[in-house]
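Residues per chain are reported as follows:
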Amino acid sequence: MHADWEYAHTSYNAPVSRPSPAGLAESEADWAWRLETETPNGWLLRDNAMLRSLASGAPIHLLHLTRDLGAVRSSGHLYASTGCLVGAIYGSPLTPTRGAFQPHNLGSYLLESRENSTPLIIEVTPSAPVPAKGLDYLRLGGIHLRTYQAYRHFLTESEDDQVLRSVLDRVHVAAPFLDTLLRNATGGAAPDESFIDVLAATVPVFPYLGYLYFEIVAEYLMLHSASRTTKEYAHRGELNNRLYKKLAFSAVQDMGVLFDLGRFAPNCARLLELVECIEVGLASGLPSYVRHRMSHLFAATALAPDQDASVITFRRADLDTLTDTAPHLLGQLIFREIRIADRYPQLYHCFEQAKALEAWSYWNSERIPTPFNGTTPKGEIGINPAYPDASFAVWSAETCERGLLHPVEQVAAVPAPRLVPWLIAPLRDRTDEERWVRRHMAPA
């Protein structure tokens, strides 16, 4: 179990040593070196304020927003969310500043955009320095697959058949582009602009690609931006989160209602237009970057490490083949297919609690009270609610005219190893899902 979770974590204070499929034109270490040394802000990947705070062993201060402070007071608990690192309490870093706290730029953005929420200051005092190991959700596919295999009998036979048939159909429809990704990752060279256009056309039937696409463009923006604001944040040891937030809300209609990266699918012209509006001149190297990075990252995170990417095809792949060659991709697809099932609100804890328990166990074994998003260490950090060797204190807070947070009242609450109820389902726009259910099946 812990080996799966180790694979899904990236250490930012150690060389890259994760196993990868054979046949790739570039290794994960090659990409790490390129991102860290050949981009203006790459140094922040391993030397940023959040990672320095974790390594210090000193108390860690986090901003958390709650929509129901009364419930926190009455229960005495803060609960974890599967929307935060499988099962953490979502937060962003705070820096002590003369009796107040300066929010990370991600926190400042959240304070501005989250209405009807009360800011909390959470102080976590660890028993030792915290390892700089972040969870990469793009590498959770094997865990999703193993969880499904263990708990699939919570589904009816009809539901299970629908999930698997839908996954296979998505793979068959998207297979030509998935094979293009592998050819590029092993040394091929599809034209940049047409590659992005086909990617955008494929996302609606293969939404997982939207997650990869967005993370890659967000990574590009944060690492390549040269704006004055980005430089100011870099001086504070922070990557600029506002860049990708603006991109997401500009690219996807109603993203503010439901933040769903499976809908991120701008074609090349639209992508360049969006990025040029965010920062003039920033889009010039983006098409080539997306093609190269997308191809490598898909192959590295979809395939089993013992496979050879140069000989794999997704055409006519069946479940047994996918389980052997691309278990991480299969797990991601099954995970998302189950989440759109009508009964998922009832089945939520059956599948998600198991993963959360494993995550908490792994973090405890690694002495991690504050896990963070390691896809990029941009300031998304959570609290492990099951950690036994740290003390916690919570205050409600107010924001002053300078944007600083000031403690107001100590709240008698502690993190609790329990997931909040599933609340997203009523907000979902199921138009695309229903259209997919009514589709004409691709030939098996």
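Model, not experiment: these values are computed from the prediction.

Caption draft 1: Local environment of the overall build of the protein. Scanning the protein from terminus to terminus reveals 17 helices and 12 strands. For the protein, whose C-alpha radius of gyration is 21 Å, the value lies close to the compact-globule estimate of 22 Å for 444 residues. On the principal axes, the C-alpha backbone points of the protein span a range of 65 × 50 × 40 Å. Counting every position in the protein, which comprises 444 residues, the buried fraction comes to 55%. Residue pairs in contact within the protein that sit at least 24 positions apart in sequence constitute 78% of those at least 6 positions apart.

Caption draft 2: Region of the structure containing unusual backbone geometry. The phi torsion at L85 lies on the positive side, around 55°, for a residue other than glycine. Topologically, L85 is positioned in the loop between β3 (77-80) and β4 (89-97). Even without being glycine, N116 reaches a positive phi, approximately 60°. Considering the arrangement of structural elements, one finds N116 in the loop between α5 (105-113) and β6 (118-126). Given the relative accessible area of 69%, N116 is considered exposed.

Caption draft 3: Fine view of the pattern of salt bridges. This structure, assessed with the given rule, holds 25 salt bridges. Residue E409 is joined to R73 by a salt bridge in which the shortest nitrogen-to-oxygen separation is 2.7 Å. Taken together, the residues E409 in strand β11 (residues 405-411) and R73 in helix α4 (residues 69-75) connect sequence positions 336 residues apart. Assessed through its relative accessible area of 40%, R73 is described here as partly exposed. Notably, a salt bridge pairs E219 with R293, separated by 2.8 Å at the nearest N-O pair. Here R293 lies in helix α13 (residues 286-302) and E219 lies in helix α9 (residues 208-224), a separation of 74 residues in the sequence.

Caption draft 4: Geometry of α13. Here α13 contains 17 residues, and its C-alpha end-to-end distance of 23 Å stays within 8% of the 24 Å for a straight helix at 1.5 Å per residue. For α13, a buried count of 15 out of 17 residues is recorded, marking the element as mostly surrounded by other parts of the structure.

Caption draft 5: Main features of the state of the cysteines. For the coordinates displayed, the defined rule picks out 0 disulfides. Free cysteine: C268, not disulfide-bonded; nearest cysteine sulfur from C277 at 15 Å. Assessed through its relative accessible area of 2%, C268 is described here as buried.

Caption draft 6: Representation of helix α6 (residues 141-151) within the structure. Among all positions in α6, only G141, G142, I143, H144, L145, T147 and Y148 are buried. Buried residues belonging to α6 abut α1 (2-7), α7 (157-185), α15 (327-339) and α16 (344-365).

Caption draft 7: Layout of the packing of helix α2 (residues 28-37) against α13. Contact geometry for α2 and α13: axes closest at 11 Å, N-to-C directions at 145°. For the pair α2 and α13, the sense of crossing is left-handed. Counting all contacts with α2, which are made through E28, W31 and L35, the residues of α13 involved are Y289, H292, R293 and H296. Grouping the constituent residues of the contact of α2 with α13 by class yields 3 nonpolar, 2 polar and 2 charged.

Caption draft 8: Highlighting the packing of aromatic side chains. Taken as a whole and judged by the stated rule, the model has 11 aromatic pairs. Grouped by ring-pair contacts, the aromatic residues Y213, F214, Y244 and F264 constitute a single cluster. Sitting above the plane of the W31 ring, R34 keeps its charged end 4.4 Å from the centroid. Sitting above the plane of the Y244 ring, K378 keeps its charged end 5.1 Å from the centroid.

Caption draft 9: Examining a negative patch on the surface more closely. Together, D306, D318, D320 and D324 make up a region of like negative charge exposed at the surface. Topologically, D320 is positioned in helix α14 (residues 319-325).

Caption draft 10: Representation of the nonpolar core in the model. By size, the foremost hydrophobic cluster in this structure holds 133 residues, and its most contacted members are L209, V290, F298 and F314. Counting residues per element, this core draws most heavily on α9, at 13 residues. Ignoring sequence-local partners within four residues, the contact set of F298 consists of L178, L181, L182, L209, L212, L303, F314 and L329.

Caption draft 11: Structural detail: the environment of T370. Its location among the elements puts T370 in the loop between α16 and β8 (372-373). Overall, T370 belongs to the buried group, its relative accessible area being 0%. Separated by 280 residues in the primary sequence, T370 and Y90 place their C-alpha atoms 9.8 Å from one another. Contacts of T370, omitting those with residues within four sequence positions, involve L54, I60, L62, V124, V130, I381 and G382.

Caption draft 12: How the structure looks around the environment of C84. Of note, C84 is situated in the loop between β3 and β4. Ignoring any residue separated from it by four or fewer positions in sequence, one finds C84 in contact with I89, Y90 and G382.

Caption draft 13: Layout of the pairing of strand β5 (residues 100-103). Looking at chain direction, β4 and β5 are connected through 4 bridges and run antiparallel. Looking at the pairing, T97 lines up with A100 of β5.

Rules used throughout
Residues numbered from 1 in each chain as written. Predicted model: local features only at pLDDT ≥ 70, side-chain atom pairs only at ≥ 80, totals over all residues. Heavy atoms only, no water. Helix = DSSP H or I, 4+ residues; strand = E, 2+ residues; numbered from the N terminus. Rg over C-alpha atoms; globule rule 2.2 N^0.38 Å. Buried < 20%, exposed > 50% of the residue type's maximum accessible area, 1.4 Å probe, protein only. Contact = heavy atoms within 4.5 Å. Salt bridge = Lys/Arg side-chain N within 4 Å of Asp/Glu carboxyl O. Expected span 1.5 Å × (residues − 1). Disulfide = S-S within 2.5 Å. Axes fitted to C-alpha atoms, helices over the stretch in contact; angles between N-to-C directions. Left-handed = near helix turned anticlockwise from the far one by under 90°. Nonpolar A, V, L, I, M, F, W, Y, C, P; charged D, E, K, R; others polar. Phe/Tyr/Trp six-rings, centres within 6.5 Å; stacked < 30°, edge-to-face > 60°. Lys NZ or Arg CZ within 6 Å of the ring centre and 35° of its normal. Patch = residues over 30% accessible without salt bridge, like charges linked within 9 Å, V, L, I, M, F, W, Y side chains within 5 Å. Areas by Shrake-Rupley, 256 points an atom, 1.4 Å probe, with all protein chains shown as cover. Lys, Arg positive; Asp, Glu negative; His and termini not counted. Charge placed at Lys NZ, Arg CZ, Asp CG, Glu CD. Core = buried A, V, L, I, M, F, W, Y, C linked by side-chain atoms within 4.5 Å. Pairing = 2+ DSSP bridges.

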